[in-house]
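Overview (structure and organization)
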Amino acid sequence: MRFLPANLDALLVELEDLPQTIALMASLKAQPLRGIKELVPAARTMLIRYEPSILTSVAIIEDLSRRHLVAEAVQDAPLVEIDVDYHGEDLPEVAELLGLTTKEVIERHCEAAYTVAFNGFAPGFSYLSARAALHVPRRRSPRVRVPAGSVALAGEFSAVYPKDSPGGWQLIGTTTATMWDMDRDVPALLQPGYRVRFVDQARRRSFGPRASTDVQASKSPADVSRAEANRHTSATLELNRIGAQALFQDGGRPGLAAQGVSASGALDKGALRLANRLVGNDIDGPAIEIVGGGFEFTSRGASVVSITGADGTVTLTTEAGRARPVARGQAIALDSGDRVRLGEPTAGVRSYLAARGGFVVDRVLGSVSTDTLAGIGADALAAGQVIGIAAARRGVVGAPEPASAQLPDAGQVVVLDVVMGPRVDWFTREAVELFAQQRWVVSPQSSRVGLRLSGATPLARTHEMELPSEGTLQGSIQIPPDGQPVLFLADHPLTGGYPVIAAVAPHHLDLAGQIPIGTAVRFKPIRPFTVVETSSPIAP
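Predicted, not measured: the structure shown is a model, and the values here were computed from it.

So, the overall build of the protein
The helix and strand tally for the protein stands at eight helices and 36 strands. Relative to a compact globule of 540 residues, whose C-alpha radius of gyration would be 24 Å, the protein shows 25 Å and is just as compact. Dimensions of the protein, computed from C-alpha atoms along their principal axes, come out at roughly 75 × 55 × 45 Å. The 540 residues of the protein split such that 55% are buried. By sequence separation, contacts in the protein at least 24 residues apart represent 75% of the contacts at least 6 residues apart. Here the protein has roughly 23100 Å² of accessible surface; of this, 51% comes from carbon and sulfur atoms. Once the 52 positive and 57 negative side-chain charges of the protein are each reduced to a mean point, those two points are 3 Å apart.

Below, the structure written as structure tokens:
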């Protein structure tokens, strides 16, 4: 095993092959380590997130190095058959790469006995492996949009895209199978360990009846019933204007990596928790995350709200038309008819609006957070929408607190502490030095998925080969082939196929979520890159 730093609270365990990764996952499920928060298995790695106050990286390394790992095939796992129309636009190119005819590619894809190795990239996206798998490289230039239902190949894996998304896999066909459905008890059609067989639609009759499967599309009730919550509503907020974007967010939904679901949640969790504390709510409860200025709402009924995060003006206008400024970072009592408007931020980019009692909004997989990449959670808020406020519990309204002195503005250079790794050795020495010395500017193509950065000199790699997909974190800084970094934020994919040179340290993640477009960023490594290699008795 090789243990590579992924952050101050994360390790990437590098193994020899996929069977070893599966064996390590099984071992950690059978004998869990107290303090591990999440496991993200991938092709030849296991990303381990842990709680440093409970568990250290040294203790993890010592424990895993002593384990005797045995990969055991599961013979009675559910079998799922997926009908495929083999007319993918990359099918001729795949056949040429493999030295086969298109007919032979289809036959081999259908003959292979696939197993779900792990889920990642997006909810319902399953990496399928087989002994007789077709090995082809990713496309050198990823597509901006791959349609949902596309059946694809990359490296040693096959997969089905569960929704429209960017992607660099080779497309060989399409299916109408629904890979992700929130109306099922378990939304992902395929779970780690399931067996999968692809069936050519043109030859379906020759296979006879569909094989039985344990996967059933049963309905699942919402975590919180809106009708039930409405019976306890004491007031509402009417949204007059939205501005650039407004989303429901809370502390997120960690622990769902097996479903291919990232934690998501507020980009500035400190601001979210302060907003809730100020009005006496649970600190990780629902709030509205607002990008930029121009957001305006009217209180229908008396309410108490707070606004935190970015700095900027807030104007309260009474029903009689009298306007006055109000401060952020405090509880604000509103009468029915009071209208509140947020001005353009002078520092930071995201504000958080909380209401005493909490907003009435359905939870999805235990959270109200809107994951913009996965398409999980409520739609973006819109002008004219009316949001219910639940009756307050016994929480105490908090004392006022000024805006964070760390909030960045577009006129300054933001310095982010980073932990180097796990793939520093994929870059030239000059590129590693340049990474920390050069200024990187936040591109307008940035979003909650990640900050796209541009610099005068791209980062050069030492390896031109493809990196097998491996787990990524909020804060991971991935380097695509163009050499320009992408800093992953809360809605990032769980796995990625480009090398990660470093990760923003946990104490600067909130700061990263507040950086405006056009701002210059510099990275400050806070500890040296260190790899630990051990010899673990792993049996095939």
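Brief notes about the pattern of salt bridges
If you walk through the whole model with that rule in mind, you get 23 salt bridges. As a salt-bridge pair, Arg-448 and Glu-289 come within 2.7 Å of each other at their nearest N and O atoms. Of this pair, Arg-448 sits in the loop between strand 27 (440–442) and strand 28 (450–454) while Glu-289 sits in strand 17 (residues 287–291), and the two are 159 residues apart along the sequence. Each member of the pair, Arg-448 together with Glu-289, is buried. Beyond isolated ion pairs, a larger network of salt bridges with shared partners links Arg-2, Glu-14, Arg-423, Asp-425, Glu-470 and Glu-533.

Details of the packing of helix 3 (residues 91–98) against helix 4 (residues 102–111)
Remark: helix 3 packs on helix 4, axes separated minimally by 8 Å, with the N-to-C direction vectors making an angle of 90 degrees. One finds that helix 3 runs roughly perpendicular with respect to helix 4. Contact residues: Leu-91, Pro-92, Val-94, Ala-95 and Leu-98 in helix 3; Thr-102, Val-105 and Ile-106 in helix 4. Residue composition of the contact of helix 3 with helix 4, grouped by class: seven nonpolar, one polar and no charged.

Here we look at the sheet that holds strand 4 (residues 45–50)
Read from one edge of the open sheet, five strands run 3-4-2-1-35, paired in antiparallel fashion. Sheet topology places strand 3 (36–41) and strand 35 (532–533) at the edges, where each strand pairs with a single neighbour.

With respect to the packing of aromatic side chains
Applying the stated criterion across every chain yields a total of 13 aromatic pairs. On the numbers, 5.5 Å between centres and 80 degrees between planes, the contact of Tyr-114 with Phe-198 is edge-to-face. With Tyr-114 in strand 7 (residues 114–119) and Phe-198 in strand 14 (residues 195–200), the pair connects residues that are 84 residues apart, well separated along the chain. Ring centres of Tyr-127 and Trp-169 lie 5.5 Å apart, and the angle between their planes is 65 degrees; on these two criteria the pair is classed as edge-to-face. Of this pair, Tyr-127 sits in strand 8 (residues 126–129) while Trp-169 sits in the loop between strand 12 (165–167) and strand 13 (170–174); the two residues are 42 residues apart in sequence, bridging distant segments of the chain. The exposure class assigned to Tyr-127 is buried, which follows from its relative accessible area of 2%. For Trp-169, a relative accessible area of 5% corresponds to the buried category. Aromatic rings pair up to connect Phe-118, Phe-121, Phe-125, Tyr-127, Phe-157, Tyr-161 and Trp-169 into one cluster.

Overview of the sheet that holds strand 33 (residues 500–504)
Read once around its circumference, the closed barrel built from seven strands follows the order 26-33-30-31-28-27-34, with strand pairing classed as mixed. Neighbour-to-neighbour, the strand axes of this sheet turn through a mean angle of 40 degrees, independent of strand direction. Relative to strand 31 (residues 486–488), strand 28 is paired through three bridges, and the arrangement is antiparallel. Bridge assignment links Leu-451 to a residue of strand 31, and that residue is Leu-487.

Overview of helix 4
Listed as buried for helix 4 are Val-105, Ile-106, His-109 and Cys-110. End-on view of helix 4: buried residues confined to an arc of 125 degrees, all on one side of the axis. Counted as exposed and oriented over 90 degrees from the buried face of helix 4: Lys-103 and Glu-111. Where helix 4 is buried, its residues meet helix 3, strand 7, strand 10 (150–154), strand 11 (157–160), strand 13 and strand 14.

Thoughts on the pairing of strand 7
The side chains of a regular strand alternate between the sheet's two faces. Counting buried positions over the six residues of strand 7 gives five, a clear majority of the element. Examined bridge by bridge, strand 7 and strand 14 share two bridges and lie antiparallel to one another. Its bridge partner being in strand 14, Tyr-114 is matched across the sheet by Val-196. Taken together, the four bridges between strand 7 and strand 8 define a ladder with antiparallel strand orientation. Residue Asn-119 lies in a different strand from strand 8, and its bridge partner there is Ser-126. Between the antiparallel neighbours strand 7 and strand 8 lie six residues, among them Phe-121 with a positive phi of about 70 degrees.

Structural notes on unusual backbone geometry
For residues besides glycine, phi is generally negative; the peptide bonds are generally trans as well. Geometrically, the link from Gly-421 to Pro-422 is a cis peptide bond, its omega value of 10 degrees lying close to zero. Within the secondary structure, Pro-422 sits in the loop between strand 26 (413–420) and helix 7 (429–437). If you check the backbone angles, Ser-264 has positive phi at about 55 degrees while not being a glycine. Within the secondary structure, Ser-264 sits in the loop between strand 16 (245–249) and helix 6 (269–278). The buried category is assigned to Ser-264, whose relative accessible area is 1%. Phi at Leu-365 takes a positive value of approximately 55 degrees, unusual for a residue other than glycine. Looking at where Leu-365 falls in the secondary structure, it is placed in the loop between strand 24 (347–355) and strand 25 (386–390). Note on Leu-365: relative accessible area 30%, which makes it partly exposed.

Quick look at the environment of Ala-257
The residue Ala-257 is located in the loop between strand 16 and helix 6 in this model. Along the primary structure Ala-257 and Phe-118 are separated by 139 residues, whereas in three dimensions their C-alpha atoms are 9.1 Å apart. If we ignore the near neighbours within four places in the chain, the residues touching Ala-257 are Glu-38, Leu-39, Val-40, Asn-119 and Leu-494.

A few points about the pairing of strand 14
The pairing of strand 6 (residues 79–84) with strand 14 spans six bridges and is parallel. Looking at the pairing, Asp-83 lines up with Val-199 of strand 14.

Comments concerning the confidence of the model for the protein
Mean pLDDT over the protein stands at 90; residues scoring 70 or higher make up 92%. Every residue in residues 207–231 scores below 50 in pLDDT, and together they form 38 contacts with partners more than four places removed in sequence or on other chains.

Definitions and limits used
- Residues numbered from 1 in each chain as written.
- Predicted model: local features only at pLDDT ≥ 70, side-chain atom pairs only at ≥ 80, totals over all residues.
- Heavy atoms only, no water.
- Helix = DSSP H or I, 4+ residues; strand = E, 2+ residues; numbered from the N terminus.
- Rg over C-alpha atoms; globule rule 2.2 N^0.38 Å.
- Buried < 20%, exposed > 50% of the residue type's maximum accessible area, 1.4 Å probe, protein only.
- Contact = heavy atoms within 4.5 Å.
- Areas by Shrake-Rupley, 256 points an atom, 1.4 Å probe, with all protein chains shown as cover.
- Lys, Arg positive; Asp, Glu negative; His and termini not counted.
- Charge placed at Lys NZ, Arg CZ, Asp CG, Glu CD.
- Salt bridge = Lys/Arg side-chain N within 4 Å of Asp/Glu carboxyl O.
- Axes fitted to C-alpha atoms, helices over the stretch in contact; angles between N-to-C directions.
- Parallel < 35°, antiparallel > 145°, perpendicular 65-115°, else oblique.
- Nonpolar A, V, L, I, M, F, W, Y, C, P; charged D, E, K, R; others polar.
- Pairing = 2+ DSSP bridges.
- Phe/Tyr/Trp six-rings, centres within 6.5 Å; stacked < 30°, edge-to-face > 60°.
- Arc of directions from axis to C-beta.
- pLDDT = per-residue confidence, 0-100.

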